[in-house]
Amino acid sequence: MKMKRIKVIGLLFATLILLIFMCNSIITNAAEGKTFDDPQDIVENRVGLVLGTSKKLIGGLPNPYYSYRIKATIELYKADKIKFVLVSGDNGTRYYNEPNTFKKDLIAGGIPADKIFLDFAGFRTLDSMVRAKEVFGLNSVTVISQEFHNQRAIYLAEKKGLKAIGYNAKTVSGNQGLKVQLREYLARVKVFIDLLFNTQPKFFGKSIEIK
């Protein structure tokens, strides 16, 4: 009986690993040729969508994912590959506002305030991509984040009828990068669960024209 239980547990574990591998492979392959590291290699899009994250880590240290996304957005704008920036992030409480924080640093980096639009309801990547199309009226977009995140965003966007490419912010190495990469495997499984159940953004709201 004990041996049978071990076999069942082993089979379930092997199935889970296979599922994770398949979800990861599908998303990676679907985004092949659609993410770019050099602004000179990427086609122009009217709007660049930078995906939010916190400026500080727990403990108060700077978040390199944030810093690298700011730098990448400024690079893309100054290379004339985007005309406007849409910042999509979490504004879940009065004390936490990713879009406004991004906007301040983008302005400090030389992007005019009137070229920056904010999506305060980008609680998840799914929300950000769907709202870019349904609320902000975009048909195509350049997503700005780390490559692994861009791949997932592009897959979700295209499943929701939004044409997307990605500009890759510098990735993060070391223990912090490893932890995020491990979480990414589970996030990619969640993509297929959300698509299966047609999960919708938490909020939609009135249409906003970027011009």
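For the structure, check the block above.
What counts, and at which threshold
Residues numbered from 1 in each chain as written. Predicted model: local features only at pLDDT ≥ 70, side-chain atom pairs only at ≥ 80, totals over all residues. Heavy atoms only, no water. Axes fitted to C-alpha atoms, helices over the stretch in contact; angles between N-to-C directions. Helix = DSSP H or I, 4+ residues; strand = E, 2+ residues; numbered from the N terminus. Parallel < 35°, antiparallel > 145°, perpendicular 65-115°, else oblique. Left-handed = near helix turned anticlockwise from the far one by under 90°. Contact = heavy atoms within 4.5 Å. Nonpolar A, V, L, I, M, F, W, Y, C, P; charged D, E, K, R; others polar. Buried < 20%, exposed > 50% of the residue type's maximum accessible area, 1.4 Å probe, protein only. Pairing = 2+ DSSP bridges. Right-handed = clockwise from strand over helix to strand, strands pointing away. Core = buried A, V, L, I, M, F, W, Y, C linked by side-chain atoms within 4.5 Å. Phe/Tyr/Trp six-rings, centres within 6.5 Å; stacked < 30°, edge-to-face > 60°. Polar contact = N/O pair within 3.5 Å; in protein donor to acceptor, adjacent residues only side chain to side chain.

*Asks:* A description of the packing of helix α2 (residues 64–78) against helix α3 (residues 98–108) should follow, citing residues and the corresponding values.
*Replies:* Contact geometry for α2 and α3: axes closest at 10 Å, N-to-C directions at 50°. What the angle tells us is that α2 and α3 run oblique. At the point where α2 passes α3, the crossing takes the right-handed sense. When α2 is examined against α3, the residues Y66, R69, I70, T73 and I74 are found in contact with a partner set consisting of T101, F102, D105 and L106. Here the residues of the contact of α2 with α3 sort into five nonpolar, two polar and two charged.

*Asks:* Let's hear about the pairing of strand β3 (residues 84–88): which residues, and what values?
*Replies:* With five of five residues buried, β3 is to be regarded as a mostly interior element. Covered by surrounding structure in β3 are F84, L86 and S88 together with V85 and V87, the residues of both alternating faces. The pairing of strand β2 (residues 47–51) with β3 spans five bridges and is parallel. Each residue of the ladder has a partner; that of V47, found in β3, is F84. A crossover links β2 with its parallel partner β3, the connecting element being α2, and its sense is right-handed. As defined by bridge partners, β3 adjoins strand β4 (residues 116–119) across four bridges and the pair is classed as parallel. When the sheet's bridge partners are listed, S88 is paired in β4 with D119.

*Asks:* I'd like to hear about the nonpolar core, residue by residue, with values.
*Replies:* In this structure, L86, M129, L138, V141 and I210 are the most contacted members of the largest nonpolar core, which totals 25 residues. Looking at this core element by element, the count peaks at five residues for helix α5 (residues 147–159). Those residues within four positions of L138 in sequence are excluded, and the remaining contacts are R46, V47, L86, A132, K133, L162 and I210. Counting residues in hydrophobic clusters, the runner-up holds 20 residues, among them I42, F102, I144 and Y167.

*Asks:* Describe the sheet that holds strand β1 (residues 35–36), listing the residues and the values that go with them.
*Replies:* Whenever strands of a sheet pair, they do so through backbone hydrogen bonds, lying parallel or antiparallel. Here we have six strands laid out as an open sheet, ordered β1-β6-β5-β2-β3-β4, and parallel in their pairing. Here the strands that pair on one side only, and so sit at the sheet edges, are β1 and β4. Sheet topology places β2 next to strand β5 (residues 140–146); three bridges connect them, and they run parallel. Residue pairing in the sheet places L49 in a bridge with V143 of β5. Against the sheet, helix α4 (residues 125–134) touches β2, β3, β4 and β5, its axis set at about 160° to β2.

*Asks:* If you had to explain the packing of aromatic side chains to someone new, which residues and values would you point to?
*Replies:* Each aromatic ring pair is described using two quantities: the centre-to-centre distance and the angle formed by the ring planes. Summed over the entire model, instances satisfying the criterion amount to five aromatic pairs. Each ring, one from F84 and one from F117, has its centre 6.0 Å from the other, and the planes form 70°; the classification is edge-to-face. Of this pair, F84 sits in strand β3 while F117 sits in strand β4, and the two are 33 residues apart along the sequence. The pair formed by F84 and F117 is uniform in burial state, with each residue classed as buried. Measuring from ring centre to ring centre gives 6.0 Å for F123 and F203, while their planes differ by 55°; the resulting arrangement is tilted. Here the residue F123 occupies a position in the loop between β4 and α4, and F203 occupies one in the segment after α6 (174–196), the gap between them amounting to 80 residues.

*Asks:* With reference to specific residues and values, describe the environment of N198.
*Replies:* Assignment of secondary structure puts N198 in the segment after α6. A relative accessible area of 46% means that N198 is categorised as partly exposed. The sequence separation of N198 and K160 amounts to 38 residues, and the corresponding C-alpha distance is 10.0 Å. Looking at N198, its side chain comes within polar contact range of the side chain of K160, at 3.4 Å. At 3.1 Å, the side chain of N198 forms a polar contact with the side chain of Q200.

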